[in-house]
Structure formats: structure tokens, C-alpha cells
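So the chains spell out like this:
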Amino acid sequence: MKDETKAKWLSTANNLAYRMSNTKRSKANKVFCWVLVVFLIIWFAGMVSIKVFGVRYNFTNSMKTGFYTMDHKEAYQLGDTVEVCLPNKFANLGFKRSYLMSGSCPDGIQPLVKEIIGVPGDVIDVTHKGMTVNGTFYDAPQHSKDSKGRPLETFEAHNLKIKGYLVYGKNDYQLSWDSRYYGVLPSSSIVSVMSYAQ
């Protein structure tokens, strides 16, 4: 995480501490401050669990929600569930639109959990109807707008032999923000292989 992200959260915590120490604060202000404090504690605990224990919790619907263990590998294969850091253009868009929160990627933004459906050497087609990999079709319709009516950039490919990885949100395949929008990801975008904690 970048130093400025840490500084921002520490500044927020200090401001909350100041507001909570003010004896003239209203009841509503107290509640608001405590909610934010709890959020910061949960966020900090999550960051510690990622760094120390190699465990993270997936909140998004595109893959199964719950705890995952992280296994850092050099190679990735079809069917792997992986944690990915998006290229800056898409990470910043996701953060601006609140698709993503602050997190452990190098740019200080939250990584995503997705399934690999295409690996280097595979031939893909990506259209508004879905994604096809080596003849296998994945139901992944593209939407021109998000749930708030904001335009979405889409990725298209025809008979393309890829050099990176195609990822998919199989748990919510209708609405997942995955490779149908941001395209093929390089291996450098993959942080780790994730295993769902039973």
C-alpha cells in the first residue's frame, strides 16, 4: 500500500479521535464516529490478516463470498481462482465509482478475486454476448452501462491468441466486472492463487 494511502487513513483516524473527544458532540455525531472507527478497525484487521496470515475475505458477489487463503505462485493455470490487481486505468475507475475500496494493491486499491478461464496460447472471442475460449462459451453478456447508468468500456476480440490471462466472475456471471470489460491481464496483475476456506 502506498504511503499516501496510509497517511490518509491515519489522518481520518486522528480526526475521528478529535471529534469523539469533543464533549459538545451530538448523539448522531457520536454514532457516525463510532461506525467509522469500527470500519477502520475492520479494515486494519483485514490488512494485517493479508500481510501476516495470507488470508483475505471476499466481499464481492462475482465470486463466492467468504475467507480465502493465498498461495503465491510463479505459474497459473486454467480454473485457478486468483487475486488480481487491475491496471491503473481500470483500478482508478473502479475506485472512483466505488466498485473497489482501498486495499493491498501497489496503487493502494483493492484487488479482485476471479477465475482464470483463458491462459497464454488460448484463442478467444469476446463479444457483447459472452466470452469464448478454445471453443468453450462462457455466458458473460456485456452491458453498456453500470447499475447507476454510467457508461462502461467493453473489450472485444475475435480469434485472438492471447499472451496473458482471461478472468471471469462465475458466481455472478451476468454482472461481474471481469475481462469482458478490462480485457486480457498480464501475469504481473496476478497476486496469488486463492483457495476457499471450507
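Here, the structure is the one placed above.
Residues numbered from 1 in each chain as written. Predicted model: local features only at pLDDT ≥ 70, side-chain atom pairs only at ≥ 80, totals over all residues. Heavy atoms only, no water.

**Some words on the overall build of the protein**
So, point 1. A count of helices and strands for the protein gives four helices and 10 strands.
So, point 2. Listed by position from the N terminus, the elements making up the protein come as α-α-β-β-β-α-β-β-β-β-β-β-α-β.
So, point 3. Across the 198 residues of the protein, 43% fall into the buried class.
So, point 4. Partitioning the intrachain contacts of the protein with sequence separation of at least 6 by distance along the chain shows that 65% fall at a separation of at least 24.
So, point 5. Summed over its atoms, the accessible surface of the protein is roughly 11500 Å², and 57% of this surface lies on carbon and sulfur atoms. (Helix = DSSP H or I, 4+ residues; strand = E, 2+ residues; numbered from the N terminus. Buried < 20%, exposed > 50% of the residue type's maximum accessible area, 1.4 Å probe, protein only. Contact = heavy atoms within 4.5 Å. Areas by Shrake-Rupley, 256 points an atom, 1.4 Å probe, with all protein chains shown as cover.)

**Quick notes on the packing of aromatic side chains**
So, point 1. One pass over the full model with this rule turns up six aromatic pairs.
So, point 2. Judged by centre distance (5.9 Å) and plane angle (85°), the ring pair of Tyr76 and Tyr165 falls under edge-to-face. With Tyr76 in the loop between β2 (66-71) and β3 (81-84) and Tyr165 in the loop between β8 (157-161) and β9 (166-168), the pair connects residues that are 89 residues apart, well separated along the chain.
So, point 3. When its relative accessible area of 9% is taken as the criterion, Tyr165 is described as buried.
So, point 4. Between the aromatic rings of Trp177 and Tyr182, the centroid separation amounts to 5.5 Å while the plane-to-plane angle is 90°, which identifies the pairing as edge-to-face.
So, point 5. For Trp177, a relative accessible area of 12% gives the class buried.
So, point 6. Here a set of aromatic residues connected by ring pairs shows up, and it is made of Phe90, Tyr99, Trp177 and Tyr182. (Phe/Tyr/Trp six-rings, centres within 6.5 Å; stacked < 30°, edge-to-face > 60°.)

**A word on the state of the cysteines**
So, point 1. Per the stated rule, a full pass over the model turns up one disulfide.
So, point 2. The disulfide partner of Cys85 is Cys105, and the gap between their sulfur atoms is 2.1 Å. Taking the sign of the torsion about the S-S bond as the criterion, the disulfide between Cys85 and Cys105, at about -95°, is left-handed. One end of the pair, Cys85, is in the loop between β3 and α3 (88-96); the other, Cys105, is in the loop between α3 and β4 (112-118), and 20 residues separate them in sequence. Cys105 shares its class with Cys85; the two are buried. (Disulfide = S-S within 2.5 Å.)

**A closer look at the pattern of salt bridges**
So, point 1. This structure, assessed with the given rule, holds five salt bridges.
So, point 2. A salt bridge links Lys89 to Glu153, with the shortest nitrogen-to-oxygen separation between them at 3.1 Å. In this pair, Lys89 is assigned in helix α3 and Glu153 in the loop between β7 (136-139) and β8, connecting sequence segments 64 residues apart.
So, point 3. Taking the relative accessible area as the measure of exposure, Lys89 reaches 52% and is therefore exposed. (Salt bridge = Lys/Arg side-chain N within 4 Å of Asp/Glu carboxyl O.)

**Let's talk about α3**
So, point 1. Here α3 has its buried residues at Phe90, Ala91 and Gly94. Burial along α3 is one-sided: seen end-on, the buried residues are contained in an arc of 100°. Away from its buried face by more than 90 degrees, α3 exposes Asn88, Lys89 and Lys96.
So, point 2. The elements touched by buried residues of α3 are α4 (179-182). (Arc of directions from axis to C-beta.)

**Comments concerning the sheet that holds strand β5 (residues 123-126)**
Strand pairs in the sheet, formed through backbone hydrogen bonds, run parallel or antiparallel to each other.
So, point 1. Taken in spatial order, the four strands of this open sheet run β7-β6-β5-β8, and their pairing is antiparallel. Each having just a single partner strand, β7 and β8 make up the two edges of the open sheet. When the angles between neighbouring strand axes are averaged without regard to direction, this sheet yields 15°.
So, point 2. Relative to strand β6 (residues 130-133), β5 is paired through three bridges, and the arrangement is antiparallel. Residue pairing across strands places Asp125 opposite Thr132, the latter belonging to β6. (Pairing = 2+ DSSP bridges. Axes fitted to C-alpha atoms, helices over the stretch in contact; angles between N-to-C directions.)

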